[in-house]
Structures are given as C-alpha cells and as structure tokens.
Amino acid sequence: MSTSTATSADALGTPVPVLSLSPVVLSVPGRPVDLQVRVSAPMTGTDLPVILLSHGHGPSNHLSSLNGYAPLANFWAAHGFVVVQPTHLTSRTLSHLVADAPGAPDFWRSRAEDMTHVLDRLDVIENAVPQLAGRIDPTKVALVGHSLGGFTAALLLGAGLTDPDTGDVVQLVEPRIKAGVLLAAPGRGGEVLNGPVAEQWPIIGAVDFSTMTAPALVVAGDKDDPRHFTDMGPQWHADPYTLAPGPKTLLTLFDAEHGLGGIAGYDAAETTDENPERVAALARLAAAYLHTQLHPGAPTWQTASEALTTGPDPVGRVESKDASAQGTAPRRTRR
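Cut-offs applied
- Residues numbered from 1 in each chain as written.
- Predicted model: local features only at pLDDT ≥ 70, side-chain atom pairs only at ≥ 80, totals over all residues.
- Heavy atoms only, no water.
- Helix = DSSP H or I, 4+ residues; strand = E, 2+ residues; numbered from the N terminus.
- Polar contact = N/O pair within 3.5 Å; in protein donor to acceptor, adjacent residues only side chain to side chain.
- Contact = heavy atoms within 4.5 Å.
- Core = buried A, V, L, I, M, F, W, Y, C linked by side-chain atoms within 4.5 Å.
- Buried < 20%, exposed > 50% of the residue type's maximum accessible area, 1.4 Å probe, protein only.
- Pairing = 2+ DSSP bridges.
- Axes fitted to C-alpha atoms, helices over the stretch in contact; angles between N-to-C directions.
- Phe/Tyr/Trp six-rings, centres within 6.5 Å; stacked < 30°, edge-to-face > 60°.
- Lys NZ or Arg CZ within 6 Å of the ring centre and 35° of its normal.
- Salt bridge = Lys/Arg side-chain N within 4 Å of Asp/Glu carboxyl O.

S.K.: For the side chain of H79, give the residues involved together with the corresponding values.
M.R.: Checked against the element boundaries, H79 lands in the loop between α2 (70-78) and β4 (82-86). One polar contact links the side chain of H79 to the main-chain carbonyl oxygen of F75, over a distance of 2.9 Å. Each residue touching H79, except ones within four places of it in the same chain, is listed here: L12, G13 and P15.

The structure is reproduced here in structure tokens:
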C-alpha cells in the first residue's frame, strides 16, 4: 500500500469485520415482485450511518442486483457504514418476471421508489439483521448510484424529470437522504442526446439537474466515452456537476472508463479498465466524502482527497462549487 493510500485509509479509521445478510425481503403493495435487499454492516460500532446503493444496468445477470458492487459495499461497511443494496426491477435477474410490468423496461419511477421503501422500513431491515438492531442512526442517510443508478440518485437528490409519456414534470426528491455520490451517471438530454441507443432510452434525456440542490460528489472517468448516447465525449458524465447548483464536488478519475476500474464486482470480465488500485481509491474517496457530509466539520474528505489526488501519482483531480454557485452549461465539443 502506498503512503498516500495508507493516509487516506487512516482518516476513516481501522477497518473491522463485516457481516452481510441477503435477501432481506420487503413486501411492497403494487410492486410486481417483492423488494429484496442485501445489508452489509460493520460488526462493531453504534450510531452507524447508512448508504443506499443503487446498481446500474450492465450486461451481467447478477452484478446489477443486490449481489453486485462488493468492492464498494465491503469497504464501506468495514469503515463504519451500513450499506443497503436493493435489486431494482431493471435487474436481469428479474427480466423473466417483470418484462410486461408497468414501467418496463427502465422502471425509472420504481427505482427511486425502492429507496423510499427502504427508508420507510429501515427499522424492519435493522431488526432482520443479526446484531444490527439499535446500531443505525436513521438521521444519517446517504446515497450512491452507478450509471443508471446515478440517474436514480439524481432524482432522489432533487433533479426534476419530464415524464416522456405525460409531459408532466415529476419530482421524486427524498429529503431523508442528506448527500449522494453519482458514479458515471448519465448527463443531459436535448440535442446532444444523439447516439444510436438514445431513442431507446428517452428517459435518460428527461432529467433537469438545475433543481438537484443536495450535496453530491459526481465521479466521472476521463476515458468514459458515452458514444451510444452522445458525441459529447466523457464530459457528458460530468453534467450532474456542471448543470446542478452547489454544493457539488467533481472527481475526475484519470484513465477511468465506465466501470471506473471494476466497481461492479471483483474480477468482472466486462470491466474494460480493470484497476484494483483505482477501485480502492474511489471507495476511500466516496466514504470520506460521505463521512464529512454526514459529520459536518470532520476533516475526512480533505485528508483523503489531498492524499489521493495530489502528489506525484494522483488518481484524479477534484473541483468544487459552493451552495451559491448555479449550474452552467459548458461549451459543447465534438470528437
């Protein structure tokens, strides 16, 4: 482990053993199948903050479900967070059950509502996991989403959405969520949404980031080329930072593609940029950001970001804007 990596880890404390339980099953009226979640938690500690983790929509059957994102969930749980991972209706594990259900295939509303159901039943989840009862602080809730999960996170953090079917503006903001991390999230719509699959996913271009006021860390890979949606290039994934008001922070990871080094699973074959060190750094930086947001004044984020994004071998670069800053549209560039 490099000196900078060790320093950032120290800021989060010493990792502890993790317990993980799945599935915890929640019956939700009107949902075509029960909502199943995985809960990962540290074996020790009290007043534990919660991270809701929204999976993406990748090619694997099981990574886009409660069984994915172990490199992140395990790290965060080992460093004091309770991580709750639902299986959204977009998961390939459910395709044969929900193909004709209302909201298919993107289930954009259901994905966001899954997180509200989790928060509504947090006490049930807490009591279902051995040794966890009484150890969660329900006032300290954060949200992380990757790819399509980043889209879901944007809605829960305050972004508006124009329903493609009705034209109505929908707000699904969840005020119990205090801060979020958007990992390789989709960007804007409009004329830039001109890629070959854009017409199949009109919902992607329907988001208005100008109302996403909650604090958020936006993570974008500088080699994450979204050509299937747009010719804007990797900067499209920075739109949730660029177009949203502050407080926001942008972490641009060097040489990272859409998998950000392999966050969706250990040794996932479809990861195009496998880099365990990048994944470890991202896990630390996201945890440090959320720790500081949930514990105002804590130096965790400053310590970790300085250790990992400065010096001779930085994993990326960081920029921020405060609550007074409004979103601005950058000049469009073509590849």
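S.K.: Would you mind going over the nonpolar core in detail, with residue names and values included?
M.R.: Among the nonpolar cores identified, the biggest contains 56 residues, and L52, V82, F151 and I204 are the most heavily contacted of them. Elements that contribute at least two residues to this core include exactly β1 (18-26), β2 (35-42), β3 (48-54), β4, α4 (108-120), α5 (122-128), β5 (136-146) and α6 (148-156). Once you skip the residues sitting within four places of it in the chain, L52 turns out to touch V84, M115, V118, L119, V141, A142, L143, V144 and I177. With 40 residues, the next largest nonpolar core counts L53, A142, A288 and A304 among its residues.

S.K.: Explain the pairing of strand β10 (residues 216-221) residue by residue, including any values.
M.R.: In terms of burial, β10 is largely enclosed, as six of its six residues are buried. Here β10 shows a buried face lined by A216, V218 and A220 and a second buried face lined by L217, V219 and G221. Where β10 meets strand β11 (residues 248-253), six bridges bridge the pair, whose relative direction is parallel. By the bridge assignment for β11, V218 is matched with L250.

S.K.: Now, about the environment of R38: what can you tell me, with residues and values included?
M.R.: Tracing the backbone shows R38 in strand β2. When the C-alpha positions of R38 and A73 are compared, they lie 9.9 Å apart, and in sequence the two are 35 residues distant. Setting aside chain neighbours within four positions, we find R38 in contact with S20, L21, S22, L66, N67, V83, V84 and Q85. Within polar-contact distance, the side chain of R38 engages the side chain of N67 at 2.8 Å.

S.K.: An account of the sheet that holds β2 is requested, with residue identities and associated values reported.
M.R.: Spatial strand order, β1-β2-β4-β3-β5-β8-β10-β11-β12: nine strands in an open sheet with mixed pairing. Only two strands of the sheet have a single neighbouring strand rather than two, namely β1 and β12 (316-321). Across the sheet, the mean angle from the axis of one strand to that of its neighbour is 20°, orientation sign disregarded. In terms of strand pairing, β5 meets strand β8 (residues 179-183) through five bridges, oriented parallel. Looking at β8, one finds that A142 is bridged to A179. Contacts between α2 and the sheet are confined to β1, β2, β3, β4, β5 and β8, with β4 contributing the most and set at about 150° to the helix. This element, helix α9 (residues 300-309), spans β10, β11 and β12 of the sheet and lies at about 140° to β12.

S.K.: Outline the sheet that holds strand β7 (residues 169-171), listing residues and values.
M.R.: Strands sit in the order β7-β6-β9 across an open sheet of three strands; the sheet is antiparallel. This sheet does not close on itself; its edge strands, each paired only once, are β7 and β9 (207-208). Alignment of strand β6 (residues 160-162) against β9, held across two bridges, turns out to be antiparallel. If you follow G160 over to β9, its bridge partner there is D208.

S.K.: Just give me the short version of the packing of aromatic side chains, but keep the residues and values in it.
M.R.: Evaluated as defined, the whole model comprises two aromatic pairs. Taken together, a centroid distance of 5.6 Å and an interplanar angle of 90° make the contact between Y289 and W301 edge-to-face. In this pair, Y289 sits in helix α8 (residues 276-294) while W301 sits in helix α9, placing the two residues 12 residues apart along the sequence. A cation over an aromatic ring shows up here: K321 above the ring of Y241, its NZ or CZ 4.8 Å from the ring centre.

S.K.: Residue-level account of the pattern of salt bridges, with values.
M.R.: In total, this model carries eight salt bridges according to the counting rule given. Linking D114 and R31 is a salt bridge whose minimum nitrogen-to-oxygen distance equals 3.0 Å. One end of the pair, D114, is in helix α4; the other, R31, is in the loop between β1 and β2, with 83 residues separating them in the sequence. Assigned by exposure class, D114 and R31 land together as buried. Residue D225 is joined to R227 by a salt bridge in which the shortest nitrogen-to-oxygen separation is 2.7 Å. Judged by its relative accessible area of 51%, R227 is exposed.

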